[in-house]
Amino acid sequence: MIQRLVDAAHQHFNERGYTATTTKDIAATADVSETLLYRHFGSKAGLFDQVIFDPFDHIAQRFLNPAGTGPGPTLDLAGAKVFLDQFLTFLDGNHRLLRDLLVKGIAETADERSEARLDGMRRHYREAAKQLEALYQETGQPCPLDPDIAVRLALGMVISASLMGEWLFPDGAPDQDRLAANIRLMMIRALAPAKAATDGSPG
């Protein structure tokens, strides 16, 4: 039943957008009562988190905090391929809703949850910036850029490559493997210290 609600919310959010979708629509498609929807998710915003922000959190957590890593720099350059593949797939599956978010802004989607969402994103940025800075310290090289700004711009490049594909590739977008390989190479060459950038070859 919970998965039916999540699937129904995903369908309606991407077909109609967040604002135009009602909990009644979602419950009807999932063939459950609105009461059950509110019992399990609290609100439409709760379902939105389950559909959009929870998956993003899981992808980011797996990349920034891979299982079995101890203290110290854990930013896995080799793992960037897995992260990019998963993130691009996630973006591709949520184009309509994410485009709505770009226009409206995350904080406007659901007031009662907006600050928690923004805090979650800030936490990921801080962790990625900390790990990038630690990589430079570990190799004894000065960091030539602001780590916090750099990781945000890198994420922006990934999002733009997916959601602005018609603008960037009016003659036809490359397949996801080629796109991910080139983004990975650019990110590693731009962000990582030279001694640590060992996984730069596209493909």
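Structure: above.
Residues numbered from 1 in each chain as written. Predicted model: local features only at pLDDT ≥ 70, side-chain atom pairs only at ≥ 80, totals over all residues. Heavy atoms only, no water.

Draft legend 1. Just the overall build of the protein, in detail. Scanning the protein from N- to C-terminus turns up 11 helices and 0 strands. For the protein, the α and β elements follow one another from N to C terminus as α-α-α-α-α-α-α-α-α-α-α. By sequence separation, contacts in the protein at least 24 residues apart represent 66% of the contacts at least 6 residues apart. Entry remark: accessible area of the protein is about 10,900 Å², with carbon and sulfur atoms responsible for 55%. (Helix = DSSP H or I, 4+ residues; strand = E, 2+ residues; numbered from the N terminus. Contact = heavy atoms within 4.5 Å. Areas by Shrake-Rupley, 256 points an atom, 1.4 Å probe, with all protein chains shown as cover.)

Draft legend 2. Structural context of the packing of helix 2 (residues 23-30) against helix 3 (residues 34-41). In contact at an axis separation of 9 Å, helix 2 and helix 3 are set at 105° when each is read in the N-to-C sense. Relative to helix 3, the element helix 2 lies roughly perpendicular. Two secondary-structure elements touch here, helix 2 through Thr-23, Lys-24, Ile-26 and Ala-27 and helix 3 through Glu-34, Leu-37 and Tyr-38. For the contact of helix 2 with helix 3, the residue count by class is 4 nonpolar, 1 polar and 2 charged. (Axes fitted to C-alpha atoms, helices over the stretch in contact; angles between N-to-C directions. Parallel < 35°, antiparallel > 145°, perpendicular 65-115°, else oblique. Nonpolar A, V, L, I, M, F, W, Y, C, P; charged D, E, K, R; others polar.)

Draft legend 3. Seen up close, the packing of aromatic side chains. Within this structure, the stated rule accounts for 7 aromatic pairs. Between Phe-13 and Tyr-18 the ring centres are 5.4 Å apart and the planes differ by 40°, which places this aromatic pair in the tilted class. For the pair shown, Phe-13 and Tyr-18 are each scored as buried. Centre to centre, the rings of Phe-87 and Phe-90 are 6.2 Å apart; their planes meet at 15°, and the pair counts as stacked. Here Phe-90 and Phe-87 lie together in helix 5 (residues 80-92), a separation of 3 residues that amounts to about one turn. The exposure class assigned to Phe-87 is buried, which follows from its relative accessible area of 2%. (Phe/Tyr/Trp six-rings, centres within 6.5 Å; stacked < 30°, edge-to-face > 60°. Buried < 20%, exposed > 50% of the residue type's maximum accessible area, 1.4 Å probe, protein only.)

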